[in-house]
Amino acid sequence: MRKTVLGILIILLLSSGSLLAEQVSTGKAMLYSALVPGLGEMYLSDYTRAGIFLGAEILILASYFRLNQEVDWKTNSYKTYANRYADVPFGASDSYYRLINNYISSDKYNTEIELFLRNRYIIYDYNPDLYNHYLDLYLIDDEDAWEWESRENWLRYREIRREKQRLEIYTNFAIGAAVINRLISVIDSAILARSINRQQTFLSNLNVEPDLTRIGWTLSYEFKF
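Residues numbered from 1 in each chain as written. Predicted model: local features only at pLDDT ≥ 70, side-chain atom pairs only at ≥ 80, totals over all residues. Heavy atoms only, no water.

Engineer: So, the confidence of the model for the protein chain: which residues are in play, and what are the values?
Structural biologist: As a general rule, the predicted coordinates of low-pLDDT regions are not to be interpreted in detail. For the protein chain, mean pLDDT is 85; residues scoring 70 or higher make up 79% of the total. Element-level mean pLDDT values for the protein chain span from 46 in helix α1 (residues 2-14) up to 96 in helix α4 (residues 47-86). Counting contacts from residues 12-20, a segment whose pLDDT is below 50, to residues more than four positions away or on other chains yields 11 contacts. (pLDDT = per-residue confidence, 0-100. Helix = DSSP H or I, 4+ residues; strand = E, 2+ residues; numbered from the N terminus. Contact = heavy atoms within 4.5 Å.)

So this is what it looks like as structure tokens:
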């Protein structure tokens, strides 16, 4: 009686869908994880791991979009500040905003440019044509001139620009975190799929049959090498 009950339990155990399920696709699991971290683990029915990777992805994406929004706010902030305290038009180019970040006035900038070009093309290498050419190219004319109302305003503008640059760095970190999260999920789903397939391969080679001559059960395992 015990042998009969034990045999029935073994057959039920081995015939359960979770143990004799078809082998999972490692490539498919890795592809799912590459698209959305945690999706490969979900395909492999490991919902705890799937939740961890999906949760991390949601957090990273939320941080990325939030940081992008703050970058836009800071950009608008320093442009508004420059317009108010240095009379810089809103349509100015990025290179112009960099110039007013580095020089308190266009006169200060022009003085340094003239000094550099004079040393280069008049004193050391006499070439008045190039000197005049670069003066026309790089000097700021009266139409684009600027001057900060005070040094304090200029320094505050530079600080706002630095804050914006820090936010851009954090945004790049968020992108890197998203890539790393995908990479780890891909590797994890590959390891998990192979582990599942090894277990299923082991059980699929296990065979249990009734032995009528001995009134029992025959347990056999096929091993290929």
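Engineer: So, the packing of aromatic side chains: which residues are in play, and what are the values?
Structural biologist: Working definition: an aromatic ring pair is given by the centre-to-centre distance plus the angle between the planes. The tally for this structure, following the rule as stated, stands at 12 aromatic pairs. Judged by centre distance (5.4 Å) and plane angle (70 degrees), the rings of Tyr64 and Phe65 are edge-to-face. Classification of Phe65 by relative accessible area gives exposed; the value is 54%. Each ring, one from Tyr81 and one from Trp148, has its centre 6.2 Å from the other, and the planes form 35 degrees; the classification is tilted. One end of the pair, Tyr81, is in helix α4; the other, Trp148, is in the loop between α7 (128-138) and α8 (151-204), and 67 residues separate them in sequence. Given the relative accessible area of 4%, Trp148 is considered buried. Ring-pair connections join several aromatic residues into one group, and the members of that group are Tyr78, Tyr81, Tyr85, Tyr97, Trp148 and Tyr157. Here Arg120 stacks its cationic end above the ring of Tyr121, 4.9 Å away from the centre of that ring. (Phe/Tyr/Trp six-rings, centres within 6.5 Å; stacked < 30°, edge-to-face > 60°. Buried < 20%, exposed > 50% of the residue type's maximum accessible area, 1.4 Å probe, protein only. Lys NZ or Arg CZ within 6 Å of the ring centre and 35° of its normal.)

Engineer: Give me the lowdown on helix α6 (residues 106-124), citing residues and values where you can.
Structural biologist: If you check α6, its first and last C-alpha atoms are 26 Å apart, about what 19 residues at 1.5 Å a residue would give, namely 27 Å. The largest bend in α6 is about 35 degrees, located at Arg118. In this structure, the buried side of α6 is in contact with α5 (94-102) and α7. (Expected span 1.5 Å × (residues − 1). Bend = angle between axes of the 7 residues up to and from the residue.)

Engineer: Please provide a residue-by-residue account of a negative patch on the surface, values included.
Structural biologist: There is a patch of like negative charges on the surface, built from Asp107, Asp141, Asp142, Glu143, Asp144 and Glu147. Judged by its relative accessible area of 74%, Asp142 is exposed. (Patch = residues over 30% accessible without salt bridge, like charges linked within 9 Å, V, L, I, M, F, W, Y side chains within 5 Å. Areas by Shrake-Rupley, 256 points an atom, 1.4 Å probe, with all protein chains shown as cover. Salt bridge = Lys/Arg side-chain N within 4 Å of Asp/Glu carboxyl O. Lys, Arg positive; Asp, Glu negative; His and termini not counted. Charge placed at Lys NZ, Arg CZ, Asp CG, Glu CD.)

Engineer: Which residues make up the side chain of Lys164, and what values go with them?
Structural biologist: Position of Lys164 relative to the elements: it lies in helix α8. Leaving out residues up to four positions away in the same chain, Lys164 has contacts with Val71, Lys74, Thr75 and Tyr78.

Engineer: Could you give me a rundown of unusual backbone geometry, with the residues and numbers involved?
Structural biologist: Phi is positive for Ser45, which is not a glycine, with a value near 70 degrees. Looking at the element boundaries, Ser45 is found in the loop between α3 (39-43) and α4.

Engineer: Give a detailed account of the packing of α6 against α7, specifying residues and quantitative values.
Structural biologist: As a packed pair, α6 and α7 sit with axes 9 Å apart at the nearest point and diverge in direction by 160 degrees. Relative to α7, the element α6 lies roughly antiparallel. Considering how the two elements wind past one another, α6 and α7 form a crossing that is right-handed. Here Tyr109, Ile113, Glu114, Leu117, Arg118, Tyr121 and Ile122 of α6 come into contact with α7, specifically with Pro128, Leu130, Tyr131, Tyr134, Leu135 and Tyr138. Its residues assigned to classes, the contact of α6 with α7 comprises 11 nonpolar, no polar and two charged. (Axes fitted to C-alpha atoms, helices over the stretch in contact; angles between N-to-C directions. Parallel < 35°, antiparallel > 145°, perpendicular 65-115°, else oblique. Left-handed = near helix turned anticlockwise from the far one by under 90°. Nonpolar A, V, L, I, M, F, W, Y, C, P; charged D, E, K, R; others polar.)

Engineer: An account of the side chain of Asn153 is requested, with residue identities and associated values reported.
Structural biologist: As for its position among the elements, Asn153 is in helix α8. There is a polar contact of 3.2 Å between the side chain of Asn153 and the side chain of Ser150. The contacts of Asn153, once residues within four sequence positions are left out, are Tyr81, Tyr85 and Trp148. (Polar contact = N/O pair within 3.5 Å; in protein donor to acceptor, adjacent residues only side chain to side chain.)

Engineer: Account for the nonpolar core, with residues named and values stated.
Structural biologist: In this structure, Ala82, Val88, Tyr97, Ile100, Trp146, Trp148 and Tyr157 are the most contacted members of the largest nonpolar core, which totals 23 residues. Counting only elements with at least two residues in this core, the list comes to α4, α5, α6, α7 and α8. In terms of residues, this core owes the most to one element, α4, which gives five residues. When neighbours within four sequence positions are excluded, Trp148 is seen to be in contact with Tyr81, Ala82, Tyr85, Ala86, Ile100, Tyr103, Ile104, Asn153, Trp154 and Tyr157. Counting six residues, the second largest nonpolar core, distinct from the first, contains Val24, Leu44, Leu192 and Ala193. (Core = buried A, V, L, I, M, F, W, Y, C linked by side-chain atoms within 4.5 Å.)

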